[in-house]
Amino acid sequence: MHDRLDLGNPDERNQAAADYVLGLLTPDKKAQFEALMAVSHDAQREVEEWRDHLDVLNEALPPVEPPKHVWKSIEKATNNSTESFWSSLKFWQGSAFASVALALMVVLANFQSINPTGMEYVYVVNNQEKNPGWILNASLNSKKLVMETIEPDSIPVGKACELWLVVDGVEPVSLGMLPDSGTKEMTIPKGWEDRLSKAKIVITLEDQKGAPNGWDMGPVLDKGDWSSRTY
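The structure displayed is predicted, hence computed values, not measured ones. (Residues numbered from 1 in each chain as written. Predicted model: local features only at pLDDT ≥ 70, side-chain atom pairs only at ≥ 80, totals over all residues. Heavy atoms only, no water.)

For the rest of this paragraph, the subject is the overall build of the protein chain. Within the protein chain, the secondary structure is distributed over six helices and nine strands. Per-residue burial over the protein chain gives 42% buried out of 231 residues. When contacts within the protein chain are restricted to residue pairs at least 6 apart in sequence, long-range pairs at least 24 apart make up 61% of them. Total accessible area on the protein chain stands at roughly 13,200 Å², and carbon and sulfur atoms take up 50% of it. (Helix = DSSP H or I, 4+ residues; strand = E, 2+ residues; numbered from the N terminus. Buried < 20%, exposed > 50% of the residue type's maximum accessible area, 1.4 Å probe, protein only. Contact = heavy atoms within 4.5 Å. Areas by Shrake-Rupley, 256 points an atom, 1.4 Å probe, with all protein chains shown as cover.)

Assignment of secondary structure puts Asp222 in strand β8 (residues 220-225). Judged by its relative accessible area of 18%, Asp222 falls in the buried class. Within the structure, Asp222 has its side chain in polar contact with the side chain of Tyr123 (distance 3.2 Å). In this structure Asp222 touches Tyr123, Val124, Val125, Asn126, Ile201, Val202 and Ile203, once residues within four positions along its chain are discounted. (Polar contact = N/O pair within 3.5 Å; in protein donor to acceptor, adjacent residues only side chain to side chain.)

For the rest of this paragraph, the subject is the pattern of salt bridges. Tallied over the entire structure, the rule returns seven salt bridges. Salt-bridge contacts for Asp42 lead to Arg45; the nearest nitrogen and oxygen are separated by 3.6 Å. Of this pair, Asp42 and Arg45 both sit in helix α3 (residues 41-60), three residues apart, which is roughly one turn of that helix. Here Lys159 and Asp207 are joined by a salt bridge, their closest N and O atoms 2.9 Å apart. Of this pair, Lys159 sits in strand β4 (residues 159-166) while Asp207 sits in strand β7 (residues 200-207); the two residues are 48 residues apart in sequence, bridging distant segments of the chain. The class of Lys159 is partly exposed, set by a relative accessible area of 32%. One network of salt bridges, in which partners are shared, links Asp42, Arg45 and Glu49. (Salt bridge = Lys/Arg side-chain N within 4 Å of Asp/Glu carboxyl O.)

Attention now goes to the sheet that holds β4. If you trace the four strands from one edge of the open sheet to the other, you get β5-β4-β7-β8, paired in antiparallel fashion. Of all the strands in the sheet, just β5 (173-177) and β8 have a single pairing partner and so form its edges. Across the sheet, the axes of successive neighbouring strands diverge by a mean angle of 25°, strand direction being ignored. When β4 meets β7, the two strands line up antiparallel, connected through eight bridges. Residue Lys159 lies in a different strand from β7, and its bridge partner there is Asp207. (Pairing = 2+ DSSP bridges. Axes fitted to C-alpha atoms, helices over the stretch in contact; angles between N-to-C directions.)

So, on to helix α1 (residues 10-22). In this model α1 runs 19 Å from its N-terminal to its C-terminal C-alpha over 13 residues, within 8% of the 18 Å that 1.5 Å per residue would give. When α1 is considered as a whole, its buried residues turn out to be Glu12, Arg13, Ala16, Ala17, Ala18, Asp19, Tyr20 and Leu22. Following α1 by one or two positions, Gly23 has its phi on the positive side, about 75°. (Expected span 1.5 Å × (residues − 1).)

Once that is clear, we can look at the confidence of the model for the protein chain. With 69% of its residues at a pLDDT of 70 or more, the protein chain shows a mean pLDDT of 75. In this model, residues 88-100 is a region of pLDDT below 50 whose contacts with residues beyond four sequence positions or in other chains number 16 contacts. Confidence drops under pLDDT 50 across residues 106-116; counting only partners more than four residues distant or on other chains, this segment forms eleven contacts. (pLDDT = per-residue confidence, 0-100.)

Once that is clear, we can look at the packing of α1 against helix α2 (residues 27-37). Helix-helix packing: each pair is described by the crossing angle between the helix axes and the interaxial distance. Where α1 meets α2, the axes come as close as 11 Å, and the angle between the chain directions of the two elements is 110°. The angle between α1 and α2 falls in the class roughly perpendicular. Crossing of α1 against α2: the hand is left-handed. Counted together, Arg13, Ala16, Ala17 and Tyr20 of α1 and Lys30, Phe33, Glu34, Leu36 and Met37 of α2 form the full contact between these two elements. Of the residues contributing to the contact of α1 with α2, the split by class is six nonpolar, no polar and three charged. (Parallel < 35°, antiparallel > 145°, perpendicular 65-115°, else oblique. Left-handed = near helix turned anticlockwise from the far one by under 90°. Nonpolar A, V, L, I, M, F, W, Y, C, P; charged D, E, K, R; others polar.)

Here you go:
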């Protein structure tokens, strides 16, 4: 997989669901996928389908003690950070499939990963179908904000969506334009680290250069409050 998941791609989202169930996602990708799963019925459904699929294998196959070379193959496959385990087709070939699959599930059943990214806040910008258009993750500790494109609505030519932090009595602060695709990362403005958790998020439709100031915003497309993340 790429450094970050393209969760707007149904095939990659389904692949991520499979890797999530098996515990193969890196901590960053796991946090990204869980943020989507919290608001996406499609992601939730795919996770349940993969769990059901693997439970069938677990219940149908008798316990098998795999030979040492199988354990080495499992370790090699699960430590592969540049390629999904499922794409290592050679690993699954041959008559050893059942024992390898079962052994893998036993190993990963006890696999726990702690998310070290420290993203304390999340906000989901929904599209017109009430599905995630963008997912925003913010960290006060690292003073970082990550904007992840999922499935936004089509934006008129020459327009863009601008992200604002708004606190009563203070002129809104622009965090720039939401990305058309992929991921955009930025530093939280100096002096707003402590205000961020209390700030309201506002998304407006602007010309591509953005609004001239916080009081001359374009139409508001979405607004709401941060949700605290728990791990």
